[in-house]
Amino acid sequence: MFYKKLDNFPKDFLWGASSAAYQIEGAANEDGKGPSIWDKYTHEKGNTYKDTNGDVAIDHYHHYKEDVELMAKMGLKAYRFSVAWSRIIPDGKGKVNPKGIEFYHNLIKDLRDHNIEPVLTMYHWDLPLNLQEKYQGWESRETIKAFRKYAQVLYREFGDEVKYWVTINEQNVFTSMGYRWGTHPPKKHDIKAMFLANHHVNIANALVVKDFHQMVPDGLIGPSFGYGPVYPKTCDPNDVLAALNAQDFNDNWWLDVYCRGKYPFFTKKQLTDLGIMPEVTAEDQKILEDPEAYPDYLGINYYHGGTVQQNRLEKQVDDQKDERKFNKVDPYLMQPKGDKAQNPEVPMFNNVENQYVDKTKWGWEIDPTGMRIALREIYEKYQLPIMITENGLGALDIVKDGKINDTYRINYLKDHVKAMKEAITDGVDLIGYCAWSFTDLLSWLNGYSKRYGFVYVDQNDNENGSLKRIPKASFSWYKQVIASDGNDE
Ligand code: BG6
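Bear in mind that the values here come from a model prediction, so they are computed numbers and not experimental data. (Residues numbered from 1 in each chain as written. Predicted model: local features only at pLDDT ≥ 70, side-chain atom pairs only at ≥ 80, totals over all residues. Heavy atoms only, no water.)

1. Some thoughts on the nonpolar core
Alright, step 1. Counting 144 residues, the largest nonpolar core has Met122, Trp138 and Phe438 as the members making the most contacts within it.
Alright, step 2. Take this core: its biggest share by element is 13 residues, from helix H9 (residues 191–215).
Alright, step 3. Discounting residues that sit within four places of it in the chain, Phe438 has contacts with Ala17, Ser18, Asp67, Leu70, Met71, Met74, Leu76, Tyr79, Gly453, Phe454, Val455 and Phe475. (Core = buried A, V, L, I, M, F, W, Y, C linked by side-chain atoms within 4.5 Å. Buried < 20%, exposed > 50% of the residue type's maximum accessible area, 1.4 Å probe, protein only. Helix = DSSP H or I, 4+ residues; strand = E, 2+ residues; numbered from the N terminus. Contact = heavy atoms within 4.5 Å.)

2. Quick notes on the sheet that holds strand E9 (residues 350–352)
Within a sheet, neighbouring strands are paired by backbone hydrogen bonds and run either parallel or antiparallel to one another.
Alright, step 1. One open sheet accounts for three strands, arranged E6-E8-E9; its pairing is mixed. Each edge of the sheet is formed by a strand with only one pairing partner; in this case those strands are strand E6 (230–232) and E9. Strand-to-strand twist of the sheet, defined as the mean angle between neighbouring strand axes without regard to direction, takes the value 45°.
Alright, step 2. For strand E8 (residues 306–309) and E9, the ladder comprises three bridges, and the chain directions are antiparallel. Bridging across to E9, Val308 finds its partner in Asn351.
Alright, step 3. Packing against the sheet, helix H10 (residues 237–260) makes contact with E6 and E8, and its axis sits at approximately 165° to E6. (Pairing = 2+ DSSP bridges. Axes fitted to C-alpha atoms, helices over the stretch in contact; angles between N-to-C directions.)

3. What to know about a positive patch on the surface
Alright, step 1. Where like charges cluster on the molecular surface, the positive patch consists of Lys93, Lys134, Lys149 and Arg156.
Alright, step 2. Within the element layout of this structure, Arg156 appears in helix H7 (residues 141–158). (Patch = residues over 30% accessible without salt bridge, like charges linked within 9 Å, V, L, I, M, F, W, Y side chains within 5 Å. Areas by Shrake-Rupley, 256 points an atom, 1.4 Å probe, with all protein chains shown as cover. Salt bridge = Lys/Arg side-chain N within 4 Å of Asp/Glu carboxyl O. Lys, Arg positive; Asp, Glu negative; His and termini not counted. Charge placed at Lys NZ, Arg CZ, Asp CG, Glu CD.)

4. Description of the environment of Asp273
Alright, step 1. Counting through the fold element by element, Asp273 comes out in helix H11 (residues 265–274).
Alright, step 2. Judged by its relative accessible area of 52%, Asp273 is exposed.
Alright, step 3. In the structure, Asp273 is positioned 13 residues away from Arg260 in sequence and 23 Å away in space, judged by C-alpha atoms.

What follows is the structure in structure tokens.
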């Protein structure tokens, strides 16, 4: 901080909170919903912590009215949720399921009736299973076609009711976890497949953004990207160069494509040399570079950054397979192992610990200044309005006398709210903040014990909780932040 006085948050700032369909809805087989890759994955033994799944989750499908009531009580200005593709089109590509459409119409209406701005995410990882089984999911261009059709259904149905749209959630995370680290479906260990699937997601993203601009001219659309700034371990120019490499590999690789329609030259050259760069046809390039396919704003999910040094690991890359499994090792900080073509970043940079920041119980760095740095970097490069679409603390919450006194979460969020205020004072065009998450929910790999919500939900790793909702201390704190337009944190 170097200002004596910070600017205020804009009056129309979207103070919000987030969720994702698979993590909250439950009702996995109800009202015509088809299975998704996550429904299958969580039912195969050993894939998730204590084999937890989203069959019931926190049963938001049946409790959405109560949840929206609580949002209204809090004074929430925006709520980010995702639509389950297989609720809308059960097999991913065929008939539309009217019951699925109805559910989201009801939810959106309820939000609007309470003056809460819906922020709709079209894809938060729950690909319809049929597309995976029939076409190998994102490895096939058939999935691009199916996604485009699904998006058009959403635009037609909800285009008049929803202004803020998110195309894809954390493309960097689900492609790496699914195709490289084998910890998400489709559980592969094949980096070439990862870059191919990723390229297809890029094309799908560009096509649906372009369609959106034609079909929902008054709306705003962008991806939600999991961004982390990269720090060099020392000022040794070789470490600084490693940080530059890491930023290209971890961040520019996605954001440059979304916002400029081009893969950044450095990483592209490395992947090409290793024979793992996907083919980009002239037609693909045209689709990506069409300015109509560029986002209107950027959704950024910020948890923390990373620190790197020049390569010192080439020979001794540990096998962290077991640790990785339940995400004890942060997904953003996976350390590669083995074969060169499968681990292109090893010569470019190695991930190391940052001695200047604390960590959560799950080993995630706590770095609010990194959020200001992230906002500055992104805004400087892409000059687009930014919405923080996720940020929050995963912690074990204890209920005592019917209350949850989560001061650790309040402190975490307070520091991040301050970092946003500083970024606004720096001149960043920040339009909203959706904390992760509104209610407690299912953590993809960590079950129900790693909680993020403002609202405690009585659900547990045996999946037999009462589902009772209890606002935590952080609920009242955030209510006050919102009521004071962020000036009273
Ligand atoms: C983000 C995802 O990567 O991190 C969320 O978009 C997820 O869906 C969140 O829940 C927290 O991750 P975790 O593993 O702690 O639940």
